[in-house]
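What follows is the residue order along each chain.
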Amino acid sequence: STATRRPAAFNGRELSTIAWSFATLRDGFRRREDRWAFFEALSDAALRGNVLDDFNARELSQFAWAFAKGAPADAPWTKRLFAVLAAVFVDKLKDHRARRHQRGGGDLHHRDSQQIFRRDGRNDVDVVGDDDFSMQALSNMVWSFAKVRAAAVAKDLFDLVADEVETRLKETVRAATAQDLSNTV
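Each chain has its residues counted from 1, running along the sequence as written. Where totals are concerned, whole chains, interfaces and linings use all residues; where local detail is concerned, this predicted model gives features only for residues with pLDDT of at least 70, and gives and counts side-chain atom pairs only at 80 or more. Note that water and hydrogens are dropped before the side-chain values are worked out from all heavy atoms of the structure.

For the purposes of this entry, the term helix denotes a DSSP run of H or I that reaches at least four residues, the term strand denotes a run of E that reaches at least two, and both are numbered from the N terminus. A count of helical and extended segments in the chain gives eight helices and three strands. Secondary structure elements of the chain occur, N-terminal to C-terminal, as α-α-α-α-α-β-β-β-α-α-α. Put simply, the chain has 185 residues, and 44% of those count as buried. Contact between two residues is taken to exist if any of their heavy atoms lie within 4.5 Å; hydrogens are not considered. Sequence separation of at least 24 residues holds for 66% of the intrachain contacts in the chain that already meet a minimum separation of 6. Burial here depends on accessible area, computed with a 1.4 Å probe over protein chains only, as a share of the maximum for the residue type. Under 20% is buried, over 50% is exposed, and the range in between is partly exposed.

Angles run from 0 to 180 degrees between N-to-C directions of axes, and those axes are lines fitted to C-alpha atoms, restricted for helices to the stretch in contact. At a minimum axis separation of 11 Å, helix α4 (residues 57-70) and helix α5 (residues 76-102) run at an interaxial angle of 160°. Accordingly, the angle class assigned to the pair α4 and α5 is roughly antiparallel. Considering how the two elements wind past one another, α4 and α5 form a crossing that is left-handed. Residues A57, L60, F63, A64, F67 and A68 of α4 lie in contact with α5, whose contacting residues are W77, L81, F82, L85, V88, F89 and K92. Of the residues belonging to the contact of α4 with α5, the class tally is 12 nonpolar, no polar and one charged. Orientation labels follow simple angle bins: below 35 degrees gives roughly parallel, above 145 gives roughly antiparallel, 65 to 115 gives roughly perpendicular, and whatever is left gives oblique. Here a crossing is taken to be left-handed if its near helix is turned anticlockwise relative to the far helix by less than a right angle, and right-handed if that turn runs clockwise. For this scheme, ten residues count as nonpolar: Ala, Val, Leu, Ile, Met, Phe, Trp, Tyr, Cys and Pro. Four count as charged, namely Asp, Glu, Lys and Arg, and the remainder, Gly too, count as polar.

For K94, the position within the fold is in helix α5. Of the residues examined, K94 reaches a relative accessible area of 47% and is grouped as partly exposed.

Attention now moves to α5. Here α5 contains 27 residues, and its C-alpha end-to-end distance of 39 Å stays within 8% of the 39 Å for a straight helix at 1.5 Å per residue. G104 occupies a position one or two residues after α5 and carries a positive phi of about 95°. By this rule, a helix spans an expected 1.5 Å times one less than how many residues it contains.

Now for a negative patch on the surface. Each patch groups residues whose relative accessible area exceeds 30% and which form no salt bridge, using 9 Å between like charges and 5 Å between nonpolar side chains of Val, Leu, Ile, Met, Phe, Trp and Tyr. Here the open area of atoms and residues is found with the Shrake-Rupley method and a 1.4 Å probe, where only the protein chains shown may cover a residue. Definition used for salt bridges: Asp or Glu carboxyl oxygen within 4 Å of a side-chain nitrogen of Lys or Arg. Counting rule applied: Lys, Arg positive; Asp, Glu negative; His and chain ends not counted. Note on charges: their place is set at NZ of Lys, CZ of Arg, CG of Asp or CD of Glu. Together, D53, D54, D91 and D95 make up a region of like negative charge exposed at the surface. Mapped onto the elements, D95 comes out in helix α5. Using a relative accessible area of 46% as the deciding quantity, one classes D95 as partly exposed.

What follows covers the nonpolar core. By nonpolar core we mean a set of buried residues, namely Ala, Val, Leu, Ile, Met, Phe, Trp, Tyr and Cys, connected to one another through side-chain atoms within 4.5 Å. The biggest cluster of nonpolar side chains holds 44 residues, and the ones touching the most others in it are F39, F63, F67 and F89. Going through the elements one at a time, α2 (12-23), α3 (32-47), α4, α5, α6 (135-147) and α7 (155-171) are the ones with two or more residues in this core. Beyond its immediate stretch of four places on either side in the chain, F63 contacts L15, S16, A19, L42, A46, L52, F55, L81 and L85.

Let's shift gears to α3. Taking 1.5 Å per residue as the helical rise, α3 with its 16 residues ought to reach 22 Å, and the 22 Å between its terminal C-alpha atoms agrees with that figure. Three or more residues of α3 are buried, namely R35, F38, F39, A41, L42, S43, A45 and A46. Note on α3: the residue one or two positions beyond its end, G49, has a positive phi of about 70°.

Next up on the list: the packing of α3 against α4. Where α3 meets α4, the axes come as close as 11 Å, and the angle between the chain directions of the two elements is 155°. Judged by the angle between their axes, α3 and α4 are roughly antiparallel. Both α3 and α4 take part in a crossing whose hand is left-handed. Contacts between α3 and α4 involve R35, W36, F39, L42, S43 and A46 from the first element and F63, A66, F67, K69 and G70 from the second.

Turning our attention to the pattern of salt bridges. Under the defined criterion, the tally for this structure stands at six salt bridges. A salt bridge links R100 to E164; the shortest N-O distance between them is 2.8 Å. Remark: E164 occurs in helix α7 and R100 occurs in helix α5; sequence separation between them is 64 residues. Take R100: its relative accessible area is 7%, and that puts it in the buried class. By relative accessible area, which is 0% here, E164 ends up buried. One salt-bridge network, held together by shared partners, links R97, R100, D163, E164 and R168.

In structure tokens, the structure reads:
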């Protein structure tokens, strides 16, 4: 079908939004096999040409969530996708943490669950940009890997996310809202 050939032309935001929207459909496919073929085509599109490297953290977490919800956990292509998702997310989170450290860290707090800011004494300065390593993105990744039983490929991801959450909690009481914390448990 045209729908299964088209995704290669989409960017990260479009692919993650498409995956998320189809994962939320209850009866969007007549047969389960059609749903799985669709998700396999999305997976192939994302893996081809290292497109996942162009996703930001929110898009990666949304994409992972969609596949955990809509794709068969035991399919070889799902396992391949999650192995790559883990590696890409870990690399991006490590880069994010290194950039934050180079900027002098600072007292981090959440203005809301979507943005992390560094207090400089006068103003709040955005230090996340398009990365968006929100607590929601972190918790979506952990949930997704747990859901598809991909813990074997996600050990580094789990350790790094746990360390990131712990760091935020230690840096300030306001590092996470109650909703943020409940999302990670």
